[in-house]
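# Close look at the chain arrangement
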Amino acid sequence: MVELRRDGRRPAGRRRRLLGALGYGLGFALPVTALAFVVREKFRPLIDLDERLIVAATDITRDNPWLRTTLVAWQEVTQPKWVYIAASAVCLVLWRRHRHLATRCLWAFVTMMVAWNLQLVLKEVVRRARPVVSDPVSHAPGYSFPSGHVANAAAIATVLTLLLWPVLAPAARRWLVGGLTAYVVLTSLDRVFLGVHYPSDVVAGILFGVGLGTASYVGYLGWNPQGPDTSPPPEGDTGPESSKGSP
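Residues numbered from 1 in each chain as written. Predicted model: local features only at pLDDT ≥ 70, side-chain atom pairs only at ≥ 80, totals over all residues. Heavy atoms only, no water.

Turning our eyes to something else, we now look at the overall build of the chain. Of the regular secondary structure elements, the chain holds eight helices and zero strands. Seen in sequence order, the chain has helices and strands lined up from the N terminus as α-α-α-α-α-α-α-α. Taking all 247 residues of the chain together, 43% fall into the buried category. Long-range contacts, defined here as pairs at least 24 residues apart, represent 76% of the contacts in the chain between residues at least 6 apart. Only carbon and sulfur atoms are counted for the fraction: they give 66% of the accessible area of the chain, which is about 13300 Å². (Helix = DSSP H or I, 4+ residues; strand = E, 2+ residues; numbered from the N terminus. Buried < 20%, exposed > 50% of the residue type's maximum accessible area, 1.4 Å probe, protein only. Contact = heavy atoms within 4.5 Å. Areas by Shrake-Rupley, 256 points an atom, 1.4 Å probe, with all protein chains shown as cover.)

Our focus in this paragraph is the nonpolar core. In this structure, Trp-107, Met-112, Phe-145, Ile-156, Leu-163 and Tyr-183 are the most contacted members of the largest nonpolar core, which totals 39 residues. Listed by contribution, the elements that provide at least two residues to this core are α1 (14–40), α4 (80–97), α5 (102–126), α6 (148–164), α7 (170–193) and α8 (199–223). Sorting elements by how many residues they give to this core places α6 first, with 10 residues. In this structure Met-112 touches Tyr-84, Ala-87, Ser-88, Cys-91, Ile-156 and Val-159, once residues within four positions along its chain are discounted. (Core = buried A, V, L, I, M, F, W, Y, C linked by side-chain atoms within 4.5 Å.)

Now for α4. In an α-helix there are 3.6 residues to a turn, and that puts residues three or four apart on one side. Counted at 1.5 Å a residue, the expected span for α4 with its 18 residues is 26 Å, and the 26 Å between its end C-alpha atoms agrees. Within the sequence span of α4, burial applies to Pro-80, Val-83, Tyr-84, Ala-87, Cys-91 and Leu-94. Projected onto a plane normal to the axis of α4, the buried residues spread over an arc of 100 degrees and lie on a single side. Exposed and oriented more than 90 degrees from the buried face of α4 are Ile-85, Arg-96 and Arg-97. (Expected span 1.5 Å × (residues − 1). Arc of directions from axis to C-beta.)

With that settled, consider the layout of surface pockets. Volume-wise, the largest pocket comes out at about 330 Å³. Lining the largest pocket are 20 residues, and of these Gln-79, Pro-80, Arg-130, Pro-141 and His-149 sit closest to its centre. Mapped by element, the contributors of at least two residues to the lining of the largest pocket are α3 (65–77), α4, α5 and α6. In terms of residue count, α5 provides more of the lining of the largest pocket than any other element does, four residues in total. Of the residues contributing to the lining of the largest pocket, the split by class is six nonpolar, nine polar and five charged. By volume, the second largest pocket is sized at about 220 Å³. (1 Å grid on protein atoms, 1.4 Å probe; cavity = no way out; pocket = protein on both sides within 12 Å on 5 of 7 lines; lining within 4 Å. Points joined across faces, edges and corners; volume = space filled by probe spheres on them. Nonpolar A, V, L, I, M, F, W, Y, C, P; charged D, E, K, R; others polar.)

This is the structure we're talking about:
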């Protein structure tokens, strides 16, 4: 016999919640796919806009040596491998201090590893060449769409926000969101002003990272539904660990 909630309705099943995760994923995947299509087909209005913006941005960087030095330093500090090492360390520390969040930490780590590899696959599918400008400010290997730095930054920022939300005070949550948002924005500007990515590459990277992180989290909650039909908040009060008690 199916158990009913207090309001007389049936609790949402796992399939329904996982379909919700799929919906989130498609909601972000569609604009990324559309951007990838117009880039591969060389849709002139977008290509012309990208090229005008990249020339304007690199002109500013070239005229300001201090800005170029700062951007190159930020590029090196935010190499995905270093940021993923730091984010993985956060997962490990949180797991050691809050054992009841073990599956949440595992979800975060796996999602970040998937994001790291999936954006590389997307680059190989689209195969967009890097921007070509006279007197280039910087160089980068590989393909251009989406921006790997930005895609990884957006995925890490989304995942760490959802991962750490339950253990932070309200003030700390504001600092976390503000700091991670600044990290993504600065990384996005860095790629364009160094001339190694077009603005559309950056937009696609943000959509990819945020979309993957969000859809993965909704799927993580749907994997072990605990309560109401509406999706649980980031606090994790109804997440998979909620039935295991507090630390």
